[in-house]
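Descriptive structure summary
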Amino acid sequence: MNAEYQLPEDECFVLNLGPQHPSTHGVARIKLTLDGEYICKAEPVLGYIHRMHEKMAENRTWPQFFPNTGRLDYLHALAYNQNYACLVERALAIEVPERAEYIRVITTELNRIASHMVWYGAFVLDLGGFTPLLYTFDDREQILDLLESVTGSRLTFSYFRFGGVPNDIDDDFIAGTKTFISRMRERIKMYHALITKNVILINRLKDIGFIPAEMCRKYGASGPVARGAGIDYDVRRNEPYSIYDRFEFEIPVYHEADSMARYMVRMDEILQSLRIIEQAIATLPAGPIMADKVPKLIRPPKGDYYHAVETARGRLGMRAVSDGSAIPWRLKLRTPCFSNMLIFGEACRGMLLADAVALFGSLDLVIPDVDK
Amino acid sequence: MAAYIKSILVGTWSLIAGLAITLRFVFKPVVTCQYPHAVPKIPDRYRGHIDFVYDPATCSHKCIVCGMCQKTCPSGCISLEGEKLEGAKKKTLSVYQLNFTTCSLCGLCVEACPTGALTFSKEYNLAGFDEKEYHFDLIKRLQERP
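All values derive from a computational prediction rather than experimental measurement.

Conventions we followed
Residues numbered from 1 in each chain as written. Chains lettered and ligands numbered in written order. Predicted model: local features only at pLDDT ≥ 70, side-chain atom pairs only at ≥ 80, totals over all residues. Heavy atoms only, no water. Pairing = 2+ DSSP bridges. Helix = DSSP H or I, 4+ residues; strand = E, 2+ residues; numbered from the N terminus. Axes fitted to C-alpha atoms, helices over the stretch in contact; angles between N-to-C directions. Contact = heavy atoms within 4.5 Å. Salt bridge = Lys/Arg side-chain N within 4 Å of Asp/Glu carboxyl O. Buried < 20%, exposed > 50% of the residue type's maximum accessible area, 1.4 Å probe, protein only. Polar contact = N/O pair within 3.5 Å; in protein donor to acceptor, adjacent residues only side chain to side chain. Phe/Tyr/Trp six-rings, centres within 6.5 Å; stacked < 30°, edge-to-face > 60°. Buried area = accessible area lost by both parts, 1.4 Å probe.

Here's the deal with the sheet that holds strand 6 (residues 330-334) of chain A
Strands in a sheet are paired, the pairing made by backbone hydrogen bonds, and the direction either parallel or antiparallel. All names here are of chain A. If you trace the three strands from one edge of the open sheet to the other, you get 4-5-6, paired in antiparallel fashion. Either end of the sheet is taken by a strand with one partner, and the two such strands are strand 4 (303-311) and strand 6. Neighbouring strand axes in the sheet, compared pairwise and without regard to direction, differ in orientation by 15 degrees on average. In this structure, strand 4 lies alongside strand 5 (residues 314-322), joined through nine bridges in antiparallel fashion. The residue of strand 5 that forms the bridge with Asp304 is Val321. Contacts from helix 3 (residues 77-92) reach strand 4, strand 5 and strand 6, with the element oriented near 150 degrees to strand 4.

Observations concerning the pattern of salt bridges
In this structure the tally under the stated criterion is 35 salt bridges over all chains. The closest approach of N and O atoms between B:Glu111 and A:Arg161, which form a salt bridge, is 2.7 Å. Of the two residues, B:Glu111 sits in helix 3 (residues 108-112) while A:Arg161 sits in the loop between helix 5 (131-151) and helix 6 (171-196), which places them in two different chains. Judged by its relative accessible area of 42%, B:Glu111 is partly exposed. Two residues, A:Glu346 and A:Lys218, come together in a salt bridge whose shortest N-O distance is 2.9 Å. In this pair, A:Glu346 sits in helix 12 (residues 336-347) while A:Lys218 sits in helix 8 (residues 213-219), placing the two residues 128 residues apart along the sequence.

Observations regarding the sheet that holds strand 1 (residues 13-17) of chain A
All names here are of chain A. Spatially, three strands are ordered 1-2-3 in an open sheet, and the strand pairing comes out antiparallel. Each having just a single partner strand, strand 1 and strand 3 (38-45) make up the two edges of the open sheet. Geometrically, the sheet is characterised by an average inter-axis angle of 20 degrees between neighbouring strands, direction not taken into account. Pairing of strand 1 with strand 2 (residues 29-35), which is carried by five bridges, proceeds in the antiparallel orientation.

So, the pairing of strand 3 (residues 92-99) of chain B
All names here are of chain B. The pairing of strand 2 (residues 78-83) with strand 3 spans six bridges and is classified as antiparallel. Bridged to Glu83 within strand 3 is Thr92. Sheet analysis places strand 3 next to strand 5 (residues 135-137), joined by three bridges and oriented antiparallel. Residue Gln97 lies in a different strand from strand 5, and its bridge partner there is Asp137.

Regarding the side chain of A:Asn340
Residue and element names in this part refer to chain A. Along the chain, the position of Asn340 falls in helix 12. The buried category is assigned to Asn340, whose relative accessible area is 0%. In this structure the side chain of Asn340 is engaged in a polar contact, spanning 3.1 Å, whose partner is the backbone oxygen of Arg313. Among residues more than four places away in sequence, those in contact with Asn340 are Ala221, Ser222, Val225, Arg313, Leu363 and Leu365.

Some details on the environment of A:Tyr102
Residue and element names in this part refer to chain A. Tracing the sequence through the fold places Tyr102 in helix 4 (residues 98-126). For Tyr102, a relative accessible area of 6% puts it in the buried group. Spatially, the C-alpha atom of Tyr102 lies 42 Å from that of Glu43, the residues being 59 residues apart in sequence. Not counting chain neighbours up to four residues away, the residues in contact with Tyr102 comprise Ile243, Arg246, Phe247, Ala280, Thr283, Leu284 and Pro285.

Some details on the packing of aromatic side chains
Aromatic ring pairs are defined here through the distance separating the ring centres and the angle between the ring planes. All names here are of chain A. Under the criterion given, the structure shown has 19 aromatic pairs over all chains. Each ring, one from Phe65 and one from Tyr84, has its centre 5.3 Å from the other, and the planes form 70 degrees; the classification is edge-to-face. Here Tyr84 lies in helix 3 and Phe65 lies in the loop between helix 1 (53-57) and helix 2 (66-69), a separation of 19 residues in the sequence. In this pair, the class of Phe65 matches that of Tyr84, namely buried. Both rings, one in Trp119 and one in Tyr120, keep their centres 5.7 Å apart while their planes meet at 15 degrees; by these two values the pair is stacked. On the basis of relative accessibility, which here comes to 4%, the residue Trp119 falls in the buried class.

Brief notes about helix 13 (residues 353-362) of chain A
Residue and element names in this part refer to chain A. Burial of helix 13 is extensive: nine of the ten residues sit out of reach of the surface. Among all positions in helix 13, only Leu353, Asp355, Ala356, Val357, Ala358, Leu359, Phe360, Gly361 and Ser362 are buried. Looking one or two residues past helix 13, Asp364 carries a phi angle of roughly 55 degrees, positive in sign.

Here's the deal with the interface of chain A and chain B
The interface of chain A with chain B comprises 29 residues on the first partner and 20 residues on the second. In total, about 2000 Å² of surface goes out of reach between chain A and chain B, with carbon and sulfur atoms giving 56% of it. Linking chain A to chain B there are one salt bridge. The interface formed by chain A and chain B contains 14 residue pairs in polar contact (both at pLDDT 80 or more). Of all the secondary structure elements, the ones that give two or more residues to the side of chain A that touches chain B are helix 5, helix 6 and helix 7 (199-205) of chain A. No other element matches the seven residues that helix 5 of chain A contributes to the side of chain A that touches chain B.

Here it is as structure tokens:
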């Protein structure tokens, strides 16, 4: 589209993409101003699934907020559980036992792969390929079966506790995870042959949907969106939490900044997560899974606490202010999807509508995480 | 020109290779669970709604009406009442209602129980027509259990 020529606003066509559109994966609404099929302006409209999670935290005790964390980004619920557990553990100065830390890493990384599998299937579905969705959900099902045997739940796990984990992993889980790792490596090869090399996918993604590094910095985008733009940033390595500094893994970074780069970052991340799980299982120590000195009534001392983790979608930060009582005074959630979504308005300007849908899919948004 | 023809050939080959992969899946075994002809295996730790643990010593439940489950529930879906029977030192449970419509299956109540009176049921077929079907009377459920 000619960038200098702009239709007057009253001659443009206004289209609501969502809130009930299949490609928006939830209740995201984007107000598009179109010139033919080209986008002049796009405004994301938020708040359709706003549930006041931050306010809810101020109305309940510290442990009672646990189920809420898994409902922000339901696809990578364990990372949210982990961040909240780590945050309160930092406030209470609780030392988590080694074994519990390893279990947390193994389950969270498994959950990360499951999250990427949902994105993968849904993303290719957005581009018009239905079959891969069935294959990726088959892989995800294997992970969910494993996690269900440990946590008892398939989606909103609420598995971690302050000071450790409530249930230990058993030999069946470890054997199942090992089988899954070797299976998944083969499947990734199959996905590359089936999808990544597919000419239609390449033409839809390559050199389309630019999100350069400056734009990422401007909006605070993180995760695969930033890494696809060449920003080498991952909380797991830049600010190591839990025991991530003990494992060898690479942070995949691509410099092309197009939809294809973000796609490749996620594909490589799955392999890196498998590497982490493999190392964690090999060095899994024996011992207790809960810390000894966890108080019955959680009352973190007066103060301001912050903790951040890397979720499947980017940097999740939680800031808690405690006044010394059993109820949080304030809990601020910095969710990755919120920043990643707002980038869409600027990034899709001048694009074709169909390409903008591909760009939207490559951002991997979970709308409850945006709206909180 | 040569690059153009090459791109067409490579593109066509990628589609054929993809079709060959999907064709291979046709001859692989079915991966989905054939519900309702086959029933899924429910793991031991499955978190269904809560239920009382049967105590063979008293032929009843282990609840001591401390109200910890009620206090710890984030959604306030448990309501219980106890009454003091004549001659008894402690309260006995008279009403234990679970409002399953607001329960988020977090399991905090089970962990909070000091006597281990609560457990998770393995029920997953919970479709119904009326909200009242999800107000469970746990005492009644325990008595009706074989």
